[in-house]
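# Overview (structure and organization)
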Amino acid sequence: MQSDALNSKITMPDLVSISIHDGVAVITVQNPPVNALGPGVPQGLADAFAAASADAAVRSVVVIGGGKTFIAGADIKELEAAARNPKAGGPDLHPLLTSVENFPKPVVMAIHGTALGGGLELAMAGHYRVAVAEALLGAPEANLGIIPGAEGTQRLPRLVGVPAAIDLCVSGRLVKAPEALTLGLIDKVIDGDLLAGAVAFAAEIAGQPVSKTCDRNDKLGNPADNEAAFAAGREQAKKIRPHQTAPIWAIEAIEAATKLPFDQGCKREREISLETLASPQAQAMIHVFFAERGVAKVPGLDKDTPSYPIRKVGIIGAGTMGGGIAMAWANAGIPVLMKDTTQEAVDRGIATIRKNYQRSVDRGRTPQAVMDQRMALITPQLSFDGFEDVDLIIEAAFESMEVKRQLFTEIDKIAKKDCVLATNTSTLDIDEIANVTSRPQMVVGLHFFSPANVMRLVEIVRGKDLAPQTLATALAVARTLKKVGVVVGNCRGFVGNRMMFPYMREAQFLVEEGALPEQVDKALTNFGMAMGIMAVDDMGGIDLLWRVRQEYKHLDKPGVRKPVIHDRLYEAGRWGQKRSAGWYKYDDKLKASPDPEVHALIEKTSAELGFTRRAITTEEIIDRCLYAMVNEGAKILEEGHASRAADIDVIYTTGYGFPGWRGGPMWFADTVGLKKVYERVCELEQQFGSDLWAPAPLLKQLAESGKTFAQWDETR
Ligand code: NAD
């Protein structure tokens, strides 16, 4: 029943509404799609509470989200604005949370979907929380480089205790309602209809004294245990979020909760919160957040372009990539046919898939029944039987143009007319592959990353004849697989690998001139890269890059320096992890350690090349490796092979282990200052020649006009 008297007092009836059910005021937030606490919502809630307070018939209150979810968090646009202008202070929910907590009648927060960030903070200010079993709760602020800054660090430990509060803030993990109940974050799991259950619960407790979260000190622990918990939390942060400041600050704020009265703890939290919001890390992570959402806007593609429905997929190749891609589809509930050429290859592929799923079952992450369902969706086979009625074929056979041309000629004949044909090639020309078919407009590159069932990035390679509907389908594929699809142009290595070539080249040059592999890797991991480039090379296989080099030998320019050391490793049979020896030596658990044999090989190669080995600084390693990458990125942008610098940042943060807290390579260059980057590139050009280091004209132009890549993006 709608209360007209109450509604008339509400200033934001579209965002927050109120109705009365048997003495229970139901306040509903209606801010689709995720009921974010955007402009108007806090005021709407405050008005609704004022109205409920004024109505003597109201004995208790339920707050619920309209649509699919409770409040999924703050409005990130507001956070972004605050990060850009920290002096303005950002959104302050304190008055709302105080009035909710001090509300004289019991307030029940009814949660479905997600209660995250600011949504959880509001929920914690209520007197009770009930949730459906599937609801997810969490404090993922660290993903944006900030802390739960709306009293979350003060109320969370009061509800769940200090160690659990630290874990939730540091990891940012989301917990399902049953775990939230065990932790003390909610009071009841509701079976059946949430609203009916919450209203019944609120009616039951009406008239009883309320318990305020801010007054609950029983879970705040004792100083000795807390010190141990803080130390463990800092260790956890170092391990799972190395270099990131937000989790450390969150622990500091939780520490304040244990040492200060609630109000003072909130003040301390606010100071810390503003500091994190203004930090370069928060700005970088908020940039990545929006960049990931921005990649779906593809210049020249109408957002309403229809896509082909994908109900069944055919995969060619049951190797590393074919198997991973098959798992990604099975995880999305879509059946796949996986073809290889020999029984042995098919068996090996299926065994690897089974082993991967089994590991997840053994770790308690996947129920056995789910594994069985997923395995049943993958049909291994030696023929193309059934490929005539799949909607999408993804080729993941050997990286050879000859193999791909043969395969595409064949599948073009078998596949139905509206079947999209995709290749997972990492470097080959998509147009050349498309042109052997009768449907080049339906041939697209879907460049997955290894392991394909885990890595979020898919580069969507746009050939010259690609039809909008095929492109829209490729974007839909990424969404279905819960991946980030970034549209890139058809150039050698596309975007990610193309930028890797100069990055790896410089790393190897540095080794030839005087650095050691472990020194290069240490400089890079200290910078924040998930792995050093030498360790990456060992993982991918020295032989793999060697083979790529043979394929492109005809493009080598005579007289231009090329790394030699990689060939020496290959010739010595040091093919990386698979041989327990590459840039490093590996024990049987694949733990790497520096190898004197490699050092000797490097010294010999340096001498052979005429280098007197010299001391190389960390600064030189970072400048040469990263600026080579950024300079290539600028060339890619001006050639139009990436639509925006932000797209490149997404490729690198989701597919190449570039630290999100640095915002991706192009954002990183912006933060250094493009003038400084350009000047250093010019110095390196002087030192090593224009073939390797000619500055990209776009870099020059932006540097000279005092602009950033981010500003250039705004003009796109
Ligand atoms: P892989 O050697 O592990 O697997 C290739 C599989 O394809 C083998 O099982 C082989 O038997 C099978 N195959 C070869 N010719 C075939 C044919 N005519 N019909 C059916 N099956 C055939 O190789 P991979 O690492 O999975 O790479 C596959 C493709 O993915 C390559 O184009 C590669 O460049 C690309 N890729 C690889 C990675 C990576 O990290 N490994 C990343 C991105 C893209």
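As a reminder, the structure under discussion sits directly above these lines.
Here the structure is a predicted model, which means the values were calculated and not measured.

### Describing the overall build of the chain
The helix and strand tally for the chain stands at 32 helices and 19 strands. Whereas a compact globule of 716 residues would reach a radius of gyration of roughly 27 Å, the chain reaches 28 Å, a difference of no more than 12%. Across its three principal axes, the chain shows a C-alpha extent of roughly 90 × 60 × 50 Å. Looking at the 716 residues of the chain, the share that counts as buried comes to 57%. Pairs at least 24 apart in sequence give 72% of the contacts found in the chain among residues at least 6 apart. Counting every atom, the chain has about 30,100 Å² of accessible surface; 54% of that belongs to carbon and sulfur. Across the chain, the centroid of the 79 positively charged side chains sits 1 Å from that of the 88 negatively charged ones.

### Here we look at the sheet that holds strand β17 (residues 484-489)
The eight strands are arranged β12-β11-β10-β13-β14-β15-β16-β17 in an open sheet whose pairing can be described as mixed. On the outer flanks of this sheet lie β12 (378-381) and β17, each paired with one strand and no other. On average, each strand axis in the sheet is inclined to that of its neighbour by 25 degrees, with strand direction left out of account. Relative to strand β15 (residues 443-448), strand β14 (residues 420-423) runs parallel, the two being bridged by three bridges. Paired with T423 across the strands is G445, a residue of β15. Here helix α17 (residues 401-414) sits on the sheet and contacts β10 (313-316), β13 (392-395), β14 and β15; the angle it forms with β14, its principal contact strand, is near 165 degrees. Its contacts with the sheet put helix α27 (residues 645-655) on β16 (457-462) and β17, and the angle it makes with β17 is roughly 125 degrees.

### Description of the environment of G633
Counting through the fold element by element, G633 comes out in helix α26 (residues 618-639). A relative accessible area of 0% means that G633 is categorised as buried. It is 7.5 Å that separates the C-alpha atoms of G633 and M666, two residues lying 33 residues apart in sequence. Every residue in contact with G633, bar those within four places of it in the chain, is listed here: M499, I648 and M666.

### Section: the pattern of salt bridges
Inspection of every chain in the model, using the stated rule, returns 48 salt bridges. Between D304 and K303 there is a salt bridge whose closest N-O contact spans 3.8 Å. As far as the burial class goes, D304 and K303 line up, both exposed. Here E344 makes a salt bridge to R348, at a shortest N to O gap of 3.7 Å. Here the residue E344 and the residue R348 both occupy positions in helix α15 (residues 343-362), the gap between them amounting to four residues, near one helical turn. According to the relative accessible area criterion, E344 is exposed, its value standing at 57%.

### Topic: the packing of helix α29 (residues 674-688) against helix α31 (residues 697-704)
Relative orientation of the contacting elements α29 and α31 amounts to 135 degrees, with a least axis distance of 8 Å. Here α31 runs oblique to α29, going by the angle between their axes. Read as a crossing pair, α29 and α31 show a hand that is left-handed. For the pair α29 and α31, the contacting residues are L674, K675, V677, Y678 and V681 in the first and L699, K700, L702, A703 and E704 in the second. For the contact of α29 with α31, the class distribution of residues is seven nonpolar, no polar and three charged.

### Some words on α15
Helix length check: α15, at 20 residues, gives a terminal C-alpha distance of 28 Å against a target of 28 Å (1.5 Å per residue), a fit within 8%. Taken together, the buried positions of α15 are occupied by A345, V346, G349, I350, I353, Y357, S360 and V361. The buried residues of α15 all sit within an arc of 155 degrees when viewed along its axis, so they share a single face. The exposed set on the far side of α15, more than 90 degrees from its buried face, consists of E344, R348 and D362.

### Considerations on unusual backbone geometry
Cis rather than trans, the peptide bond between P32 and P33 has omega equal to 5 degrees. The topology assignment puts P33 in the loop between β2 (24-29) and α2 (41-54). Of note, the amide linkage connecting S450 to P451 takes the cis form, showing an omega dihedral of -5 degrees. As for its position among the elements, P451 is in the loop between β15 and β16. The backbone of E151 shows a phi angle near 70 degrees, a positive value even though the residue is not glycine. Residue position: E151 is located in the loop between β7 (136-138) and α6 (152-160). Among the residues examined, E151 registers a relative accessible area of 4% and is labelled buried. Here K482, not a glycine, exhibits a phi torsion of approximately 55 degrees, which is positive.

### A word on α17
Helix length check: α17, at 14 residues, gives a terminal C-alpha distance of 20 Å against a target of 20 Å (1.5 Å per residue), a fit within 8%. Taken together, the buried positions of α17 are occupied by M401, K404, L407, F408, I411 and D412. Projection of α17 onto a plane perpendicular to its axis shows the buried side chains occupying an angular sector of 135 degrees, all on one side. Opposite the buried face of α17, at more than 90 degrees from it, the exposed residues are E402, Q406 and K413. Tucked into the core, α17 has its buried residues touching β10, β13, β14, α18 (430-434), β15 and α23 (542-551).

### Structural notes on the site of the ligand
Around the ligand, the surrounding shell holds 20 residues, and the nearest of these are M321, D340, E399, K404 and S426. The contact in question runs from an oxygen atom of the ligand to an N or O atom on the backbone of M321, over 2.7 Å. Take K404: an N or O atom from its side chain is 2.6 Å from an oxygen atom of the ligand. If the ligand stood free it would expose 830 Å²; the protein chains cover 79% of that surface. Contributing elements (two or more residues each) for the shell around the ligand: α14 (320-331), α17 and β15. Residues belonging to the shell around the ligand are distributed by class as follows: seven nonpolar, nine polar and four charged.

Conventions used here
Residues numbered from 1 in each chain as written. Predicted model: local features only at pLDDT ≥ 70, side-chain atom pairs only at ≥ 80, totals over all residues. Heavy atoms only, no water. Helix = DSSP H or I, 4+ residues; strand = E, 2+ residues; numbered from the N terminus. Rg over C-alpha atoms; globule rule 2.2 N^0.38 Å. Buried < 20%, exposed > 50% of the residue type's maximum accessible area, 1.4 Å probe, protein only. Contact = heavy atoms within 4.5 Å. Areas by Shrake-Rupley, 256 points an atom, 1.4 Å probe, with all protein chains shown as cover. Lys, Arg positive; Asp, Glu negative; His and termini not counted. Charge placed at Lys NZ, Arg CZ, Asp CG, Glu CD. Pairing = 2+ DSSP bridges. Axes fitted to C-alpha atoms, helices over the stretch in contact; angles between N-to-C directions. Salt bridge = Lys/Arg side-chain N within 4 Å of Asp/Glu carboxyl O. Parallel < 35°, antiparallel > 145°, perpendicular 65-115°, else oblique. Left-handed = near helix turned anticlockwise from the far one by under 90°. Nonpolar A, V, L, I, M, F, W, Y, C, P; charged D, E, K, R; others polar. Expected span 1.5 Å × (residues − 1). Arc of directions from axis to C-beta. Near = heavy atom within 4 Å. Polar contact = N/O pair within 3.5 Å; in protein donor to acceptor, adjacent residues only side chain to side chain.

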